[in-house]
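# Structural characterization, general
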Protein chains: 2
Amino acid sequence: MTYCVAVAVDTGLVFASDSRTHAGVDQISTYSKMHRFHLGRDRFFVVLSAGNLATTQGVLAQIQRDIDQSARHGLNHAEGLGRAAEYIGALSVAEQNKHQQSRQDKDFIPEASFILGGQIGEGAPGIVHIYPEGNFVRASAATPYLQIGEVKYGRPILDRIVERSTPLNAALMCALVSMDSTMRSSAAVGPPIEYLIQPAGVFGPGLYNSLAEDDEYLVELRRSWAANVRAAFDALPEAPGIGEVPATVTRIGAP
Amino acid sequence: MTYCVAVAVDTGLVFASDSRTHAGVDQISTYSKMHRFHLGRDRFFVVLSAGNLATTQGVLAQIQRDIDQSARHGLNHAEGLGRAAEYIGALSVAEQNKHQQSRQDKDFIPEASFILGGQIGEGAPGIVHIYPEGNFVRASAATPYLQIGEVKYGRPILDRIVERSTPLNAALMCALVSMDSTMRSSAAVGPPIEYLIQPAGVFGPGLYNSLAEDDEYLVELRRSWAANVRAAFDALPEAPGIGEVPATVTRIGAP
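The model shown is predicted, which means the values in this text are computed figures rather than measured ones. (Residues numbered from 1 in each chain as written. Chains lettered and ligands numbered in written order. Predicted model: local features only at pLDDT ≥ 70, side-chain atom pairs only at ≥ 80, totals over all residues. Heavy atoms only, no water.)

The subject of this paragraph is empty space enclosed by the protein. Evaluation of the coordinates by the stated rule reveals one cavity of 30 Å³ or more. Taken as a whole, the largest cavity holds about 210 Å³ of empty space. Pro156, Ser181 and Trp225 of chain A together with Pro156 and Ser181 of chain B are the residues nearest the centre of the largest cavity, which is lined by 15 residues in total. Contributions of two or more residues to the lining of the largest cavity are made by α3 (155–161), α4 (168–185) and α5 (216–234) of chain A together with α3 (155–161) and α5 (216–234) of chain B. Across the lining of the largest cavity, the residue classes break down as 11 nonpolar, two polar and two charged. (1 Å grid on protein atoms, 1.4 Å probe; cavity = no way out; pocket = protein on both sides within 12 Å on 5 of 7 lines; lining within 4 Å. Points joined across faces, edges and corners; volume = space filled by probe spheres on them. Helix = DSSP H or I, 4+ residues; strand = E, 2+ residues; numbered from the N terminus. Nonpolar A, V, L, I, M, F, W, Y, C, P; charged D, E, K, R; others polar.)

A separate point is the relation of the copies chain B and chain A. It takes a turn of 180° to lay chain B on chain A, together with a shift of 0.0 Å along the axis; the resulting RMSD is 0.0 Å. One copy is carried onto the other by what is essentially a two-fold rotation axis. For chain B, the residue whose C-alpha comes nearest the rotation axis is tyrosine 153 of chain B, separated from it by 2.4 Å. A shared interface surface links the copies, since 100% of the contact residues of chain B are contact residues in chain A too. (Least-squares fit on C-alpha atoms with pLDDT ≥ 70 in both. Contact = heavy atoms within 4.5 Å.)

Every α-helix winds through 3.6 residues per turn, so residues three or four apart in the chain are directed the same way. All names here are of chain B. An ideal rise of 1.5 Å per residue puts 22 Å on 16 residues; helix α1 (residues 53–68) measures up with 22 Å between its terminal C-alpha atoms. Inspection of α1 places Thr55, Thr56, Gly58, Val59, Leu60, Ile63, Asp66 and Ile67 among the buried residues, and these make up the whole buried set. Looking at the packing, one finds that the buried side of α1 touches β5 (34–38), β6 (43–51), α2 (81–100) and β7 (112–120). Between the side-chain oxygen at the start of α1 and the backbone nitrogen of alanine 54 there is a gap of 2.9 Å, and the oxygen is on asparagine 52. A positive phi of about 50° marks serine 70, the residue just after α1. (Expected span 1.5 Å × (residues − 1). Buried < 20%, exposed > 50% of the residue type's maximum accessible area, 1.4 Å probe, protein only. Polar contact = N/O pair within 3.5 Å; in protein donor to acceptor, adjacent residues only side chain to side chain.)

The next thing to look at is the sheet that holds β6 of chain B. All names here are of chain B. The sheet built from five strands is open, its strands ordered β5-β6-β7-β8-β9 with antiparallel pairing. Because the sheet does not close on itself, it has two edges, and the strands there are β5 and β9 (136–138). When strand polarity is set aside, the average angle formed by the axes of neighbouring strands in this sheet is 20°. Summarising the sheet, β7 and strand β8 (residues 126–130) pair through five bridges and their orientation is antiparallel. The residue of β8 that forms the bridge with leucine 116 is valine 128. Taken strand by strand, α2 contacts β6, β7, β8 and β9, and its axis lies near 155° from that of β7. (Pairing = 2+ DSSP bridges. Axes fitted to C-alpha atoms, helices over the stretch in contact; angles between N-to-C directions.)

How big an interface is tends to be reported as the loss of accessible area on association of its parts. Listed per partner, the contact involves 58 residues of chain B and 58 residues of chain A. Here chain B meets chain A over a buried area of about 5600 Å², counting both sides, of which 66% is carbon and sulfur. Our enumeration of links across chain B and chain A arrives at four salt bridges. A salt bridge links lysine 152 of chain A to glutamate 150 of chain B; the nearest nitrogen and oxygen atoms lie 2.7 Å apart. (Buried area = accessible area lost by both parts, 1.4 Å probe. Salt bridge = Lys/Arg side-chain N within 4 Å of Asp/Glu carboxyl O.)

Moving on, we get to the pairing of strand β7 (residues 112–120) of chain A. Residues and elements named next belong to chain A. The element β7 is extensively covered by neighbouring structure, given that nine of its nine residues are classed as buried. Side-chain alternation along β7 places Ala112, Phe114, Leu116, Gly118 and Ile120 on one buried face and Ser113, Ile115, Gly117 and Gln119 on a second face that is also buried. Hairpin connection between β7 and strand β8 (residues 126–130): a loop of five residues separates the two successive antiparallel strands, and glycine 121 in this loop has a positive phi of roughly 50°.

Okay, the sheet that holds strand β6 (residues 43–51) of chain A next. All names here are of chain A. Spatially, β5-β6-β7-β8-β9 is the arrangement adopted by the five strands of the open sheet, whose pairing is antiparallel. If you trace the sheet from one side to the other, it starts and ends with β5 (34–38) and β9 (136–138), each paired once. Each strand of the sheet is rotated relative to its neighbour by a mean of 20°, with strand direction disregarded. For β5 and β6, the ladder comprises five bridges, and the chain directions are antiparallel. Along β6, the bridge assignment pairs phenylalanine 37 with phenylalanine 45.

Here we come to the packing of aromatic side chains. Using the criterion set out here, one finds zero aromatic pairs over all chains in the structure. Of note, arginine 36 of chain A hangs over the ring of tyrosine 208 of chain A, and the distance from its end group to the ring centre comes to 3.6 Å. (Phe/Tyr/Trp six-rings, centres within 6.5 Å; stacked < 30°, edge-to-face > 60°. Lys NZ or Arg CZ within 6 Å of the ring centre and 35° of its normal.)

Right, let's get into the packing of helix α1 (residues 53–68) of chain A against helix α2 (residues 81–100) of chain A. All names here are of chain A. As a packed pair, α1 and α2 sit with axes 9 Å apart at the nearest point and diverge in direction by 130°. It follows from the interaxial angle that α1 and α2 lie oblique. As for how α1 packs across α2, the hand of that crossing is right-handed. Contacts between α1 and α2 pair Ala54, Thr55, Gly58, Val59, Gln62, Ile63 and Asp66 from the former with Tyr87, Ile88, Leu91, Ser92, Glu95 and Gln96 from the latter. Residues belonging to the contact of α1 with α2 are distributed by class as follows: six nonpolar, five polar and two charged. (Parallel < 35°, antiparallel > 145°, perpendicular 65-115°, else oblique. Left-handed = near helix turned anticlockwise from the far one by under 90°.)

Residues and elements named next belong to chain B. This structure, assessed with the given rule, holds 21 salt bridges over all chains. Residues glutamate 95 and lysine 98 are paired through a salt bridge, measuring 3.3 Å at the closest nitrogen-oxygen approach. Within this pair, glutamate 95 and its partner lysine 98 are both found in helix α2, separated by three residues, close to a single helical turn. On the basis of relative accessible area, lysine 98 is assigned to the exposed category, the value being 51%.

What follows covers the packing of helix α4 (residues 168–185) of chain B against α5 of chain B. Residues and elements named next belong to chain B. At a minimum axis separation of 11 Å, α4 and α5 run at an interaxial angle of 80°. One way to sum up the angle between α4 and α5 is to call them roughly perpendicular. For the pair formed by α4 and α5, the contact residues are Met173, Leu176, Val177, Asp180, Ser181 and Met183 on the first element and Tyr217, Leu221, Arg222 and Trp225 on the second. Residues of the contact of α4 with α5, tallied by class, amount to seven nonpolar, one polar and two charged.

The next thing to look at is the confidence of the model for chain A. Residues and elements named next belong to chain A. Residues of chain A with pLDDT of at least 70 account for 94%, and the chain-wide mean is 91. Across chain A, β8 holds the top mean pLDDT of 98, while strand β3 (residues 20–22) sits lowest at 87. Segment residues 247–255: pLDDT under 50, and 20 contacts once partners within four positions in sequence are set aside and those in other chains are kept. As a predicted assembly, this complex carries a pTM of 0.87 together with an ipTM value of 0.86. (pLDDT = per-residue confidence, 0-100.)

If you want it as structure tokens, here you go:
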């Protein structure tokens, strides 16, 4: 499995990804799932990948070849984020079909999903989710984040915190907490954790970092969040009748 | 979908369940998924149900018939929690097979899952998860909770808070927070929220309550948890380099 999350706020984009891949529990490896393309003065793209590693590597290799050869349909020339997403979706479908056709094995699943983020010239920065079928959706003002992979454990904190008006640094912190919750509940998601902040209008490298498992900051974030959540929990108002348990047992409401 | 959670701590058992059922978005209804059987002075059982509503209703109806007729293999006579789980598992498999055999339709999924909790005589109270196949697992000291239905959104808070030594009232609060997080992120889970605290050694009705959507306490819990999580989030230490964004953009680590 994998967990990648991207957030689009008014002032720019935030990305975070884990690095664990596995084909069964005895084939666990570490691969980066964050791929950055800073293509000159007016365009940058970030691709986060989940799913079959052979497929995602094949797609990324082709993206890089097309960039190197300045192919007409490659990322150097895409007119907008939607065109770039269509291009990657088509590469993904082609890569999946190439291998699926030679296999009758039902357990072989070459599917892959991508989050594409970027900004081109005067256009607003944006993020899109590219499905295994090659189609895609954009984040919206109401839902300013996208996730791929093991998405559910880390979703509640995003739902509570992130809005379009959230500052870039808070959006990153929320992505990191979301990642931490996912790592805690799923063995299929693990460090290093990569993150990138790309402010709107900045086409060169943004703030990138990679946190190893024993990274001092990651350890401190984990400890601090655990303690803060515990305090948040302890400060909740108690449920009706709960004070009487287990000293006296009372029945409330219908039988 | 559905969300049910049960926690077994040293001093007793806690159960919580939502009440939303749906077959497609235009067939949403409200059904209780918490079924309590207080069978005299030395045994009680709670059954939480998820999955196909026809199957779970069929199983529950048979459990009640067997109780009414004091059937030899029914809950009145089960020698232990394991035997009771085997009995319910067998009823579930029989109910699924009854309807599956008459349908070739692959989209017809009669599967159901159950959490069975209870205490019999001098035995310790316990909880088990009964799978659609009829087999089951018990909660353990390391994992003192069980979930069925839409389990992932509400799992991180359980992983952080619940241990065997957690007091009953804190275990219930944790189950309610877990329920709230799930409701917020999934439209397939909804109120009324039922809960039950059953202290060890109490065979009569425990502390039962049902919270409607606009229940004063549920609204206050939701508001309070949202505010407390927000405060917990705001107090986190910032990620390295994050203070410089977006004023100046620095590149940290590898390209």
